[in-house]
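Here's the letter readout for the chains.
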Amino acid sequence: MTDQARLVFNRVGNRPVFTAAQMQERNRAAQAYISKQFVRYGLTSVHHEGGDLFALQEVRARGELLHRVSYEAQDGVLEAMLKAGIATGFGDEWIRFGATSEHTCDGSFSERTMAMSVPYPGVEPPYRGNLIFTQEDLNGWVERMHRAGIQVNCHANGDVAIDMVLTAYERAQKLFPRFDPRPKITHCTLISDDLLRRIKAVGAVPAPFTSYGYYNTDKFHFYGEELMQRCMAYRSFADAGITAAAGSDFSPGPFSPLMGIQGMVTRTGWNGETWGGKQRITVDEALRVNTINGAYATHEEGIKGSITAGKLADFVVLADDPHSVDPNKIKDIAIIETVTGGNTVYKA
Ligand SMILES: [Zn+2]
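Residues numbered from 1 in each chain as written. Predicted model: local features only at pLDDT ≥ 70, side-chain atom pairs only at ≥ 80, totals over all residues.

Enquirer: Can you explain the sheet that holds strand E3 (residues 95–100)? Please cite residues and give values.
Expert: If you trace the 3 strands from one edge of the open sheet to the other, you get E1-E2-E3, paired in parallel fashion. Each having just a single partner strand, strand E1 (45–49) and E3 make up the two edges of the open sheet. Direction aside, neighbouring strands of the sheet carry axes that sit 30 degrees apart on average. Of the strand pairs in this sheet, E1 and strand E2 (residues 68–73) are connected by 5 bridges, and their pairing is parallel. Bridged to His47 within E2 is Ser70. (Pairing = 2+ DSSP bridges. Helix = DSSP H or I, 4+ residues; strand = E, 2+ residues; numbered from the N terminus. Axes fitted to C-alpha atoms, helices over the stretch in contact; angles between N-to-C directions.)

Next comes the structure, spelled out in structure tokens:
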């Protein structure tokens, strides 16, 4: 099942029915559970794609929210923000409205439906992936968010989709210049030199896949080495002076930051295959992607993202130094302790 095809399956079969009160309780329990898992794996701040905003606040009120949330609104919540005049940045250091949820502009990388300028290798008849919107529709949506002071966030995997997203960002910023809007491009998978130049010029923040470099390598042969040299291009972004943040894509990708760092540093997967090795970055660079760059993506680099006097005391204690262990074992480094706001929220 890929992309929109999922919707068809949501309408068939029998599913358990819950009352509104049961749904609320389930949402609270789910948010509290995932918060425990996030801090167990060393996450102190997460960009949340939607989710039950009320349950999140209840979990916090009960003292069970252990990580900080940049809440990425969609559907009814996003419309309510527009109506109420709530812009990105509203909230506090625990739950804050971030960018929009991913506005999905093309297909997926792992399911081979992203919109590319070249046909998929070995596929007959020639196929270049799926686009969801016309340029005109995308321009309109981006402009509407941008004018309302809401940080725009589009899902674009293929180079054709990234080009469309950049065109919409460039247009919105020209029509209605806003200071330092940092539009996000979630995934931003397949790049080119021209796209890099435009990402830099418009000040966009790509959030490419992180754990895929280790976890999804059995799918990379579908693209082949030539295209993989331009995918999840952390090296190209760093060299171009572009601040790229981490995008686990959880649940399709595992959220463990250490697995993500291993994938970025080695580009070698669980099956021993290495793809796009020239996009490797150093351990230091990968740590930045997972810390200060993520804070930059939400305009919060002044309060978090590094261990600095005056910032929030959010940090992780590791059993080993990722700089000195075998790079193929970074994901196995034990998390000894996770601290958010000066409080221990996980201890091994
Ligand atoms: Zn996506």
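More follows now that the structure is in view.
Enquirer: Account for the packing of helix H11 (residues 257–266) against helix H12 (residues 283–290), with residues named and values stated.
Expert: The interhelical angle for the contact between H11 and H12, taken along N-to-C directions, is 135 degrees, at an axis separation of 9 Å. Our classification of the angle between H11 and H12 gives oblique. Crossing hand, H11 versus H12: right-handed. Residues Pro257, Gly260, Ile261, Met264 and Val265 of H11 touch H12, and the partners they reach there are Val283, Ala286, Leu287, Val289 and Asn290. When its residues are assigned to classes, the contact of H11 with H12 shows 8 nonpolar, 2 polar and no charged. (Parallel < 35°, antiparallel > 145°, perpendicular 65-115°, else oblique. Left-handed = near helix turned anticlockwise from the far one by under 90°. Contact = placed C-beta atoms within 7 Å. Nonpolar A, V, L, I, M, F, W, Y, C, P; charged D, E, K, R; others polar.)

Enquirer: Kindly report on the nonpolar core, identifying the contributing residues and their values.
Expert: Nonpolar side chains tend to gather and get buried jointly when the protein is soluble and globular. Counting 74 residues, the largest nonpolar core has Ala156, Ala161, Ile162, Val165, Tyr169 and Tyr234 as its most contacted members. For this core, the element with the highest residue contribution is helix H6 (residues 159–175), accounting for 9 residues. (Core = buried A, V, L, I, M, F, W, Y, C linked by C-beta atoms within 7 Å. Buried ≥ 20, exposed ≤ 12 C-beta atoms within 10 Å, placed from the backbone.)

Enquirer: Can you tell me about the sheet that holds strand E10 (residues 343–347), naming the residues and giving the values?
Expert: Taken in spatial order, the 3 strands make up an open sheet running E8-E9-E10, and their pairing is antiparallel. Edge positions in the sheet fall to strand E8 (315–318) and E10, since each has one partner strand and no second. Neighbour to neighbour, the strand axes of the sheet diverge by 20 degrees on average, direction disregarded. Looking at chain direction, E8 and strand E9 (residues 335–340) are connected through 4 bridges and run antiparallel. Residue pairing in the sheet places Val316 in a bridge with Thr338 of E9.

Enquirer: Could you give an account of the environment of Arg96, with specific residues and numbers?
Expert: Within the element layout of this structure, Arg96 appears in strand E3. Separated by 182 residues in the primary sequence, Arg96 and Lys278 have C-alpha atoms spaced 36 Å apart. Beyond its immediate stretch of four places on either side in the chain, Arg96 contacts Ser70, Tyr71, Gly89, Phe90 and Gly91.

Enquirer: How would you sum up the packing of helix H2 (residues 20–40) against helix H3 (residues 53–61)? Please name residues and give values.
Expert: Relative to each other, H2 and H3 sit at 60 degrees, their axes nearing to 9 Å. Taken together, the axes of H2 and H3 lie oblique to each other. Regarding H2 and H3, the two cross each other, and that crossing is right-handed. Contacts between H2 and H3 involve Gln24, Asn27, Arg28, Gln31, Ala32 and Ser35 on the former and, on the latter, Ala55, Leu56, Glu58 and Val59. For the contact of H2 with H3, a count of residues per class yields 4 nonpolar, 4 polar and 2 charged.

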